[in-house]
Each structure stands twice: as C-alpha cells, then as structure tokens.
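# An overview of the molecular structure
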Amino acid sequence: MHRSSFAKSLADLKSRGVRLTPQRQMILRYLKETHEHPTAEQIYHQVSQEFASISMATVYNTLHRLTELGVIRELSYGDMSSRYDGNDSEHAHLVCEVCGKVADVPCPPIERFTSPELFAHGYAVGSYRLEFYGHCPDCQQSGAGQRDSELN
Ligand SMILES: [Zn+2]
Ligand SMILES: [Zn+2]
C-alpha cells in the first residue's frame, strides 16, 4: 500500500461525505506533503503563515478528527509532544533520541508477519507500530548524543 496523496485523501473523504474547511485542508495538505513528522505546534506555525487567524484549538481539533478518519496518524511518545504523520501506509519509524527527528522506513505489510506468537492471544490484529531508536546522522556529527536529550 502506498502513501495516499493529498488529492486522493481529500477525494476519499468527500466520497465519505466529509467536507473540510480551507484551514483543515491546509493542515491535511501540509501533512501529506512533508516527510517530517511535525508536532501540533509546528503544524500551527506552518498553517498560520497562510491563515493568520487559525487557533491552536482548531489545529488540535483538526488533527484529532483527521486521525479519527484514518487519513493521518498520531504518534505519541510518552511525555514528548505527539508527532503527526501524513503517511497512512504501513511503515516503521527511525526515531532520534536526541533531537526527536522521525524518519519513515519501509516495513512488510501486517499479513507478512507470520509469527505464531503474534496470533496466539486470539487478537484480530489490524495494524502495528514499529520504531527503531537511536541517533540521527546530524546528532552523531555534532556529538549531541553524549548530552542529555533535549527535546523541543
Ligand atoms: Zn537527531
Ligand atoms: Zn511515518
């Protein structure tokens, strides 16, 4: 399954009877076009350049709604800010423990996980979340990995 484009996601929502305001479309477009996994604050800063009147509450509401509709994903990391992901295909993440950068890496579709242990509990498994933690190239270069994590 490939990552759905902004146009495809918008068409999909329309066919389900979901109409998005221009502000909400802008949030969806930004997430579909970036390969970063921005926080709500970063999304707010981006979108407010075009819609100066947008509120943080609208951004949060929209992110919540788009997550519910399944066109984006929320990645929560404990006490760190959640990241939002416009890539709706099955994939795994590389997470930098120093700067918090998140990158996509391909992973096999759920049907390919054949481990009997996975199905031994009788769950009907529909998705998974797989993340690899380490230090990104920039942080390795700057030696920031030796300092305490300073996220956000
Ligand atoms: Zn990093
Ligand atoms: Zn991702």
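Residues numbered from 1 in each chain as written. Chains lettered and ligands numbered in written order. Predicted model: local features only at pLDDT ≥ 70, side-chain atom pairs only at ≥ 80, totals over all residues.

Stated precisely, the cut-off is as follows: UniProt positions are given in the numbering used here, feature names are shortened, and annotations may be inferred rather than shown by experiment.
Looking at an unreviewed UniProt entry, one finds the chain named Fur family transcriptional regulator, with Tumebacillus lipolyticus as its source organism. The heading Sequence similarities (unreviewed entry) in the UniProt record of the chain holds the text "Belongs to the Fur family."

## As for the overall build of the chain
Going by this rule: The helix and strand labels rest on DSSP assignments: H or I over at least four residues marks a helix, E over at least two residues marks a strand, and numbering proceeds from the N terminus. Partly exposed residues are those whose C-beta has more than 12 but fewer than 20 other C-beta atoms within 10 Å; with 20 or more the residue is buried, with 12 or fewer it is exposed, and the C-beta atoms are placed from the backbone.
Across its full length, the chain holds six helices and five strands. The order of helices and strands in the chain, counted from the N terminus, is α-α-α-α-β-β-β-β-α-β-α. A buried classification covers 18% of the 152 residues belonging to the chain.

## Concerning the domain arrangement of the chain
Stated formally: Domain ranges listed in this record stem from an automatic or a database domain assignment. C-beta atoms are first placed from the backbone for all residues, and any pair lying within 7 Å is then listed as a contact. Just so you know the grouping, Ala, Val, Leu, Ile, Met, Phe, Trp, Tyr, Cys and Pro go in nonpolar, Asp, Glu, Lys and Arg go in charged, and all remaining residues, Gly too, go in polar.
Domain annotation of the chain identifies domain 1 (1–89) and domain 2 (90–152). Placing a centre on the C-alpha atoms of domain 1 and another on those of domain 2 gives a separation of 21 Å. Each side of the interface is counted separately: domain 1 has eight residues, and domain 2 has eight residues. Along the lines of polarity and charge, the residues of the side of domain 1 that touches domain 2 split into two nonpolar, five polar and one charged.

## Details of the sheet that holds strand β3 (residues 91–96)
The line we're drawing: For two strands to be treated as a pair, DSSP must find at least two bridges joining them. Axis geometry follows a simple rule: fit a line to the C-alpha atoms, using only the stretch in contact for helices, then measure angles between N-to-C directions, giving values from 0 to 180 degrees.
As summarised here, the arrangement of the three strands in space is β4-β3-β5, forming an open sheet in which the pairing is mixed. The open sheet is flanked by β4 (102–106) and β5 (131–134), the only strands paired with a single partner. If you compare each strand with its neighbour and ignore which way they point, the axes differ by 25 degrees on average. When β3 meets β5, the two strands line up parallel, connected through four bridges. Looking across to β5, one finds that V95 is bridged to Y133.

## Considerations on the pairing of strand β1 (residues 73–77)
Bridge count for β1 against strand β2 (residues 80–85) is four bridges, and the pairing is antiparallel. Residue E74 lies in a different strand from β2, and its bridge partner there is Y84. The hairpin turn running from β1 into β2, its antiparallel successor, is two residues long, and G78 in that turn takes a positive phi close to 55 degrees.

## Thoughts on the nonpolar core
Defined as follows: Buried Ala, Val, Leu, Ile, Met, Phe, Trp, Tyr and Cys residues whose C-beta atoms connect them within 7 Å together make up a nonpolar core.
Counting 14 residues, the largest nonpolar core has I27, L28, V47 and V59 as the members making the most contacts within it. Every element with two or more residues in this core is listed here: α2 (22–33), α3 (40–48) and α4 (56–68). Beyond its immediate chain neighbours, meaning those up to four positions away, L28 contacts F6, S9, L10, L20, L66 and V71.

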